[in-house]
Amino acid sequence: MASRHDIAAPPVKEGGAAPGRPPANADTERAMKKRARLSRRWQRDMRWSPYAFVSPFFLLFLAFGLFPLLYTGWASLHQVELTAPTDMSWVGLRNYTRIFDDDFFWNAAKNTLTIGIISTVPQLLMAMGIAHILNYKLRGSTFYRVVMLAPYATSIAAASLVFVLLFGRDYGMINWALNAVGIDPVDWQNDKWPSQIAVSSIIIWRWTGYNALIYLAAMQAIPQDLYESAALDGASRWRQFLHVTLPSLRPTILFTVVVSTIGASQVFGEPLLFDANKGASGGSQHQFQTLGLYLYEQGWINQHLGRASAIAWTMFLILIVIGVVNYVISRRLRASS
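Counting restarts for each chain, with residues numbered from 1 along the sequence as it is written. This being a predicted model, a pLDDT of at least 70 is required before a residue's local features are given, and a value of 80 or more before pairs of side-chain atoms are given or counted; all residues contribute to the totals for chains, interfaces and linings. Think of the side-chain values as coming from all heavy atoms in the structure, minus any hydrogens and water.

Points about the overall build of the protein
Piece 1. Numbering of helices and strands runs from the N terminus; a helix is a DSSP stretch of H or I covering at least four residues, while a strand is a stretch of E covering at least two. Broken down by element type, the protein carries 13 helices and 2 strands.
Piece 2. Against the compact-globule benchmark of 20 Å for 337 residues, the protein has a radius of gyration of 34 Å, which places it well outside the compact range.
Piece 3. For the C-alpha atoms alone, the extent of the protein along its principal axes is close to 140 × 75 × 45 Å.
Piece 4. Here's how the labels work: a residue is buried when its accessible area is under 20% of the maximum for its type, exposed when over 50%, partly exposed in between, all with a 1.4 Å probe on protein chains only. By the burial criterion, 33% of the 337 residues in the protein qualify as buried.
Piece 5. In the protein, once contacts between residues fewer than 6 apart in sequence are set aside, the share between residues at least 24 apart is 66%.
Piece 6. Here the protein displays about 22,000 Å² of accessible surface, and carbon together with sulfur accounts for 65% of that area. To get the radius of gyration, use the C-alpha atoms; to get the globule rule, take the number of residues to the power 0.38 and multiply by 2.2 Å. In this analysis, two residues are considered to be in contact whenever any of their non-hydrogen atoms come within 4.5 Å of each other. Here the open area of atoms and residues is found with the Shrake-Rupley method and a 1.4 Å probe, where only the protein chains shown may cover a residue.

This is the structure:
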């Protein structure tokens, strides 16, 4: 019988591999290179992806935050009108010196201070009381919390228009109630102190619930063991509030005071819409014109862009001072605790 040596496979050399098949070490080397590439890509992704996620904020801040800040700082050193913002003439610090010699600026600063005090102090006291009540177990507590936040979500324009109707001289509900108890009607829009009280009431109505929820969140973070220990010692709820709640809320109270102060220094919408003349003068005698209204009047009505920029930077420096004071006080509170 004939042998089939003609179709037999050729002998494999000792230590060699089959033809057409890459060596095993080549596959391992290729896998290691691929793994190294993936590792480097993963490292780059872990390093740079957080910056990519936060980059939209920084781009928007550069476009709408930093650039306007630097531009107003440059414009405050020039005489420039809103009708021709590119025509600038260097005046140095003259816009700032004119501001400090301007009686209307100091009137607006005083009004801002008084409105801030009238609105901030009652607002925070009422917020603390409301938060203390909501901190107890009540039926429908979620409903009350939503109600507290509703004024904050309401439009400034809608709230101001409602309060204009309430404080109307001849038709307002406030004067109707005062007349019912034998008090003469009050001209809430033309008298100085009544107008500032009316504007402050709008701010109080809008922000009391917001601050109450902040206080409520801080109260719920206080350990219940402190209240139980105080109750075992015979402390009433009022003494528990004075000796347990208030000391635990010192950082939160400081935060709300600073935020409310900053907000009071930037009050704009409420006095603008409360004015019967619908202007930025803050009443016929500038009796409730704030710094925000004064800035708007100089920049967009009188069209003095350089002077308005100087006012904006002055307000910015005031906010920096408030922030420094907040830092010093909070640091001392942390050191004392």
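Describing helix H10 (residues 250–265)
Piece 1. Residue count minus one, scaled by 1.5 Å, sets the expected span of a helix. Helix length check: H10, at 16 residues, gives a terminal C-alpha distance of 23 Å against a target of 22 Å (1.5 Å per residue), a fit within 8%.
Piece 2. By the burial criterion, the buried members of H10 are Thr252, Leu254, Thr256, Val258, Ser260, Ala264 and Ser265.
Piece 3. Of the surrounding secondary structure, the elements contacted by the buried residues of H10 are helix H3 (103–134), helix H7 (192–220) and helix H13 (305–336).

So, the packing of helix H4 (residues 141–153) against H7
Piece 1. Orientation is described by lines fitted to C-alpha atoms, with helices fitted over the stretch in contact, and by angles between N-to-C directions that extend from 0 to 180 degrees. Their axes nearest at 6 Å, the elements H4 and H7 cross at an angle of 140°. Put simply, H4 runs oblique to H7. The two elements H4 and H7 meet at a crossing, and its hand is left-handed. Packed against H4, whose contacting residues are Arg145, Met148, Leu149, Pro151 and Tyr152, the element H7 presents Trp205, Arg206, Trp207, Gly209, Tyr210, Leu213, Leu216 and Gln220 at the interface.
Piece 2. Of the residues contributing to the contact of H4 with H7, the split by class is 9 nonpolar, 2 polar and 2 charged. Our angle categories are set so that under 35 degrees counts as roughly parallel, over 145 as roughly antiparallel, 65 to 115 as roughly perpendicular, and the remainder as oblique. Note on convention: near helix rotated counterclockwise from far helix by under a right angle means a left-handed crossing. Clockwise means right-handed. Gly falls in the polar group here, along with every residue not listed as nonpolar (Ala, Val, Leu, Ile, Met, Phe, Trp, Tyr, Cys, Pro) or charged (Asp, Glu, Lys, Arg).

Brief notes about the confidence of the model for the protein
Piece 1. Per-residue confidence from the prediction method is given by pLDDT, with values spanning 0 to 100. Looking at the protein as a whole, the pLDDT averages 84, with 92% of positions reaching at least 70.
Piece 2. Here residues 1–9 scores under 50 on pLDDT; set against residues more than four positions off or in separate chains, the count is 0 contacts.
Piece 3. Scored below 50 in pLDDT, residues 12–18 makes 0 contacts in the model with residues more than four places away or belonging to other chains.

A closer look at a nonpolar patch on the surface
Piece 1. Residues qualify for a patch when their relative accessible area is over 30% and they have no salt bridge, like charges being joined within 9 Å and the nonpolar side chains of Val, Leu, Ile, Met, Phe, Trp and Tyr within 5 Å. Each reported salt bridge corresponds to a side-chain nitrogen of Lys or Arg within 4 Å of a carboxyl oxygen of Asp or Glu. Where nonpolar side chains cluster on the molecular surface, the patch consists of Trp48, Tyr51, Phe53, Val54, Phe57, Phe58, Leu59, Phe61 and Leu62 and spans about 1,100 Å² of accessible area.
Piece 2. Mapped onto the secondary structure, phenylalanine 57 falls in helix H1 (residues 24–75).

Comments concerning the pairing of strand E1 (residues 78–81)
Piece 1. The alternating pattern of E1 places His78 and Val80 on a buried face and Gln79 and Glu81 on a face that is not buried.
Piece 2. A pair of strands counts as paired when DSSP detects no fewer than two bridges linking them. Here E1 pairs with strand E2 (residues 84–90) via 3 bridges, running antiparallel. Along E2, the bridge assignment pairs glutamine 79 with serine 89.
Piece 3. If you look at the hairpin formed by E1 and E2, you'll find 2 residues sitting between the two strands.

Looking at the packing of H3 against H10
Piece 1. Running from N to C, H3 and H10 cross one another at 145°; their axes reach a closest spacing of 9 Å. Pair H3 / H10 crosses with right-handed handedness. Contacts from Thr112, Gly116, Thr120, Gln123, Leu124 and Met128 of H3 reach H10 at Ile253, Thr256, Val257, Ser260, Ala264 and Ser265.
Piece 2. Class assignment for the residues of the contact of H3 with H10 results in 5 nonpolar, 7 polar and no charged.

Quick word on a positive patch on the surface
Piece 1. On the surface, Lys34, Arg37, Arg40, Arg41 and Arg44 cluster together into a patch of positive charge.
Piece 2. With respect to the helices and strands, arginine 41 occurs in helix H1. Only four residue types enter the charge count: Lys and Arg as positive, Asp and Glu as negative, with His and the chain ends excluded. Here the site of a charge means atom NZ of a Lys, CZ of an Arg, CG of an Asp or CD of a Glu.

Section: the environment of histidine 132
Piece 1. By secondary structure assignment, the location of histidine 132 is in helix H3.
Piece 2. Counting along the chain gives 84 residues from histidine 132 to leucine 216, while the straight-line C-alpha distance between them is 7.0 Å.

Regarding helix H12 (residues 291–301)
Piece 1. Along H12, 8 of the 11 residues are buried, which leaves the element largely enclosed by surrounding structure.
Piece 2. Taken together, the buried positions of H12 are Leu291, Gly292, Leu293, Tyr294, Leu295, Glu297, Gln298 and Gly299.
Piece 3. Considering only its buried residues, H12 is in contact with H3, helix H11 (269–274) and H13.
Piece 4. Just downstream of H12, glutamine 303 is the residue with a positive phi angle, here 65°.

A short note on the nonpolar core
Piece 1. For the purposes of this section, nonpolar cores are sets of buried Ala, Val, Leu, Ile, Met, Phe, Trp, Tyr and Cys residues that join through side-chain atoms within 4.5 Å. Of all hydrophobic cores here, the largest spans 16 residues; its most connected members are Met128, Ala131, Tyr215, Met219, Ile222, Val244 and Leu249.
Piece 2. Secondary-structure elements contributing two or more residues to this core are H3, H7, helix H8 (224–232) and helix H9 (237–248).
Piece 3. Setting aside chain neighbours within four positions, we find tyrosine 215 in contact with Leu124, Ala127, Met128, Ala131, Leu249, Thr252, Ile253 and Thr256.
Piece 4. Grouped together as the second largest cluster of nonpolar side chains are 13 residues, Phe167, Val186, Trp188 and Val267 included.

Focus on the packing of aromatic side chains
Piece 1. Classification of ring pairs uses Phe, Tyr and Trp, with its six-membered ring standing for Trp, and accepts pairs whose centres are within 6.5 Å; under 30 degrees between planes counts as stacked, over 60 as edge-to-face, and the remaining range as tilted. With the rule as written, the count across this model stands at 21 aromatic pairs.
Piece 2. Both rings, one in phenylalanine 57 and one in phenylalanine 61, keep their centres 6.2 Å apart while their planes meet at 20°; by these two values the pair is stacked. Residue phenylalanine 57 and its partner phenylalanine 61 are located together in helix H1, separated by 4 residues, close to a single helical turn.
Piece 3. One aromatic cluster is present, formed by Phe163, Phe167, Trp188, Trp205, Phe274 and Phe288 through successive ring pairs.

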